[in-house]
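Structural characterization, general
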Amino acid sequence: FSAPVARAFAEVCAGADAALRSNADQQLRFCASSAAALLLSYVVTLQPAQAADVVNYSDFVDSINRGEVEMVRVQEDMLSAQYT
C-alpha cells in the first residue's frame, strides 16, 4: 500500500479503541467513516500513468500494429492510450 493508505489505516486503528467503548450508533458511524476513509485513500492512489510513460510516435504506432493498444483518447494537446 502507499503512504496515504498506511496513514489512513493507522488513524483508523488509533480511533478504534475509543469507538469500541462507545454506544452502538457511534460504533456504526465509526465503522462507516473508517471504511470510507480507507476506500477513498486507496482510490486516490490509483492514478493513471503520467508523463513518465511517454512513448515516441513510432513506438506507439508499432504497439498499435502489434495489437497492444486497447483504446486511444485524443485531446487538444495530448494523445493517451490504454495498453492491453
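As the structure is a computational prediction, the values presented were derived from the model and not from experiment.

1. Some points on the overall build of the protein
The helix and strand inventory of the protein stands at three helices and two strands. What you see in the protein, going N to C, is helices and strands ordered as α-α-α-β-β. When the 84 residues of the protein are sorted by exposure, 11% land in the buried category. Put simply, 30% of the contacts in the protein that link residues at least 6 apart link residues at least 24 apart.

2. As for the environment of Pro4
Note that Pro4 resides in helix α1 (residues 3-20). Residue classification places Pro4 among the partly exposed positions, given a relative accessible area of 36%.

3. Thoughts on the pairing of strand β1 (residues 69-74)
As paired elements, β1 and strand β2 (residues 79-83) share five bridges and run antiparallel to each other. In the sheet register, Val69 faces β2, and the bridge partner there is Tyr83. If you look at the hairpin formed by β1 and β2, you'll find four residues sitting between the two strands.

4. Let's talk about the pattern of salt bridges
Oppositely charged side chains can form a pair if their charged atoms are brought close together. Under the definition given, this model contains one salt bridge. In this structure, Arg66 engages Glu68 in a salt bridge whose closest nitrogen and oxygen atoms are separated by 3.1 Å. Its relative accessible area of 54% is what places Arg66 among the exposed residues.

5. Points about a nonpolar patch on the surface
Together, Ile64, Val72, Val74 and Leu79 make up an exposed nonpolar region whose accessible area comes to about 340 Å². Along the chain, the position of Val72 falls in strand β1. Residue classification places Val72 among the partly exposed positions, given a relative accessible area of 39%.

Scoring rules and cut-offs
Residues numbered from 1 in each chain as written. Predicted model: local features only at pLDDT ≥ 70, side-chain atom pairs only at ≥ 80, totals over all residues. Heavy atoms only, no water. Helix = DSSP H or I, 4+ residues; strand = E, 2+ residues; numbered from the N terminus. Buried < 20%, exposed > 50% of the residue type's maximum accessible area, 1.4 Å probe, protein only. Contact = heavy atoms within 4.5 Å. Pairing = 2+ DSSP bridges. Salt bridge = Lys/Arg side-chain N within 4 Å of Asp/Glu carboxyl O. Patch = residues over 30% accessible without salt bridge, like charges linked within 9 Å, V, L, I, M, F, W, Y side chains within 5 Å. Areas by Shrake-Rupley, 256 points an atom, 1.4 Å probe, with all protein chains shown as cover.

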